[in-house]
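# Coordinates in review
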Amino acid sequence: MNQKSFNANDIVGWVARRKFLFGGFLATVGAAYGVFASYALKFVFPAPKPPRRIRVFLGFSDQIRPGASKAVNLPTGDQLLISNTGKINPVTGNTFIAFSNSCPHLGCKVHWEARREEFVCPCHGGVFTAGGVAVAGPPAQSGSNLKPYEILVEGNSIYAVVEEV
Ligand code: FES
């Protein structure tokens, strides 16, 4: 008769295998809970989406003659001043520049002075270059420039590219 006998080494090996398998089981369950928890956290606290960029029609290029400018209300609540400098910008390939017309000092409305090729704030003498850089008045003292806007000229149409609110 073939009778199987166990000795102490068999029992120690059996216990070791059981511990190893149980450890593997715990590791698998832990990993599964970890994956589930990461998805649950992403669902509860989703990552903020980057703001969508939209185009806002500003006008037709032949309606803003060289030296002229036009104020346009944006969906963001800001007001933009699109100006035609009459000089082609080698970077953009067009003659238009766009900045917020809100003075960074106390918020008065700046205007474009074509003859001087500067933006001027009527309240406290703030002056800005065609690049929006403050060169005189309180904005220059504090180093506060005009907020620039990206513009896009397609054919005869001019658009501002802004972040949707
Ligand atoms: S508000 Fe423009 S300079 Fe003061």
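In space, the three strands of this open sheet follow the order 1-10-9, with antiparallel pairing throughout. The sheet is open, and its two borders are formed by strand 1 (53-60) and strand 9 (150-154), each paired with just one other strand. For this sheet the average axis-to-axis angle between neighbouring strands, irrespective of direction, equals 30°. Bridge analysis of strand 1 against strand 10 (residues 157-163) gives seven bridges, and the strand direction is antiparallel. Directly across from Val56, in strand 10, lies its bridge partner Ala160.

This part takes up the domain arrangement of the protein chain. Once the domains are mapped, the protein chain shows domain 1 (1-47) and domain 2 (53-163). On a C-alpha basis, the centres of domain 1 and domain 2 stand 66 Å from each other.

Take the pairing of strand 3 (residues 79-84) next. Along strand 3, five of the six residues are buried, which leaves the element largely enclosed by surrounding structure. In this sheet, strand 4 (residues 96-100) lies alongside strand 3 in antiparallel orientation, the contact comprising five bridges. Bridge assignment links Asn84 to a residue of strand 4, and that residue is Phe96.

As a further point, take the sheet that holds strand 4. Strand order in this open sheet of three strands is 2-3-4, and the pairing throughout is antiparallel. Either end of the sheet is taken by a strand with one partner, and the two such strands are strand 2 (69-73) and strand 4. This sheet shows a mean twist of 25° between the axes of neighbouring strands, independent of strand direction. Pairing analysis gives five bridges linking strand 2 to strand 3, with the strands arranged antiparallel.

Scoring rules and cut-offs
Residues numbered from 1 in each chain as written. Predicted model: local features only at pLDDT ≥ 70, side-chain atom pairs only at ≥ 80, totals over all residues. Pairing = 2+ DSSP bridges. Helix = DSSP H or I, 4+ residues; strand = E, 2+ residues; numbered from the N terminus. Axes fitted to C-alpha atoms, helices over the stretch in contact; angles between N-to-C directions. Domains from an automatic or database assignment. Buried ≥ 20, exposed ≤ 12 C-beta atoms within 10 Å, placed from the backbone.

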